[in-house]
Amino acid sequence: MITKTRERINLKLYDENLKILTNEIFEDIYTLNFFLQTIPKTFGQDKTLLIFNDLEKTSNVGDLSDKEADLEDYDHNVKLLLAKDENSYFIQE
């Protein structure tokens with residue numbers, strides 16, 4: 001689980017039983033991406049589901065009625081990514 005705010009990026013890494021493996025804080029996306037690429041070797045994970053919650057992105061969907069809301073017109077702040085090898089452990093800004 002990755003949560004991005006203006007001040008920092010927080011990473012909480014869990015195993016398949018939802019036991020926390022590490023809780024890290026990063027100043028920028030570049031440092032986060034470097035750390036992400038170490039996950040397979042450091043923690044022995046073959047595949048990882050990355051949940052990226054960007055709290056800087058806002059959406060006005062909740063303020064609109066159902067008739068007005070077209071979800072394709074808005075950026076969503078949560079992305080789900082499946083990482084399978086070192087090179088796929090990467091978050092784009």
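Below, the structure is looked at part by part.

Conventions we followed
- Per chain, residues are indexed from 1 in the order of the written sequence.
- Totals for whole chains, interfaces and linings use all residues, but because this is a predicted model, local features are given only for residues with pLDDT of at least 70 and pairs of side-chain atoms are given and counted only at 80 or more.
- Side-chain calculation: all heavy atoms of the structure are included, whereas hydrogens and water are not.
- Secondary structure follows DSSP: runs of H or I at least 4 residues long count as helices, runs of E at least 2 residues long count as strands, and numbering of each begins at the N terminus.
- In protein, a polar contact requires one atom able to donate a hydrogen and another able to accept it; more generally it is a pair of N or O atoms within 3.5 Å, and residues adjacent in sequence count only if both atoms are side-chain atoms.
- Contacts between residues were defined by any pair of non-hydrogen atoms, one from each residue, lying within 4.5 Å.
- Put simply, a nonpolar core is a bunch of buried Ala, Val, Leu, Ile, Met, Phe, Trp, Tyr and Cys residues held in one set by side-chain atoms that sit within 4.5 Å of each other.
- The rule is simple: take the accessible area with a 1.4 Å probe, protein chains only, and divide by the maximum for that residue type; under 20% is buried, over 50% is exposed, in between is partly exposed.
- Two distance rules govern patches: like charges are joined within 9 Å, and nonpolar side chains (Val, Leu, Ile, Met, Phe, Trp, Tyr) within 5 Å, applied only to residues with over 30% relative accessible area and no salt bridge.
- Here, Shrake-Rupley sampling with a 1.4 Å probe gives the accessible areas, and only protein chains in the shown set may cover a residue.
- What counts as a salt bridge is simple: a side-chain nitrogen of Lys or Arg found within 4 Å of a carboxyl oxygen of Asp or Glu.
- Here, the arc refers to the directions that run from the helix axis to the C-beta atoms.
- When the centres of two rings from Phe, Tyr and Trp lie within 6.5 Å, Trp using its six-membered ring, the rings pair. Their planes under 30 degrees apart give stacked, over 60 give edge-to-face, and anything left gives tilted.

1. Considerations on the side chain of Asn10
- Position of Asn10 relative to the elements: it lies in strand β2 (residues 9–14).
- At 3.4 Å, the side chain of Asn10 and the side chain of Asn23 are in polar contact.
- When sequence neighbours within four positions are dropped, the list of residues in contact with Asn10 reads Met1, Ile2, Thr3, Asn23, Glu24 and Ile25.

2. Thoughts on the nonpolar core
- Within the largest apolar cluster, 15 residues are counted, with the highest numbers of intra-cluster contacts made by Ile2, Leu11, Leu32, Leu36 and Ile91.
- When contributions to this core are tallied by element, the ones reaching two or more residues are β2, α1 (29–36) and β4 (48–54).
- The element that contributes the greatest number of residues to this core is α1, accounting for four residues.
- With near-sequence residues (within four places) excluded, Ile91 lies in contact with Ile2, Ile29, Leu32, Asn33, Leu36, Leu50, Phe52 and Leu81.

3. What about a nonpolar patch on the surface?
- Together, Met1, Tyr14, Leu18 and Ile20 line one region of the surface with nonpolar side chains, adding up to about 400 Å² of accessible area.
- For Tyr14, the location among the structural elements is in strand β2.
- Since its relative accessible area comes to 35%, Tyr14 is described here as partly exposed.

4. Examining α1
- Listing the buried residues of α1 in full gives Ile29, Leu32, Asn33, Phe35 and Leu36. Taken end-on, α1 shows its buried residues confined to a sector of 160 degrees, consistent with a single buried face. With respect to the buried face of α1, the exposed residues turned more than 90 degrees away are Tyr30 and Phe34.
- Each element contacted by the buried residues of α1 is listed here: β1 (2–4), β2, β3 (20–26), α2 (39–43) and β4.
- The N-terminus of α1 is capped by Asp28, whose side-chain oxygen sits 3.2 Å from the backbone nitrogen of Tyr30.

5. Considerations on the packing of aromatic side chains
- Under the criterion given, the structure shown has one aromatic pair.
- Ring centres 5.4 Å apart and planes at 50 degrees place the aromatic pair Phe26 and Phe35 in the tilted group. For the residue pair Phe26 and Phe35, the accessibility class agrees, reading buried in each case.

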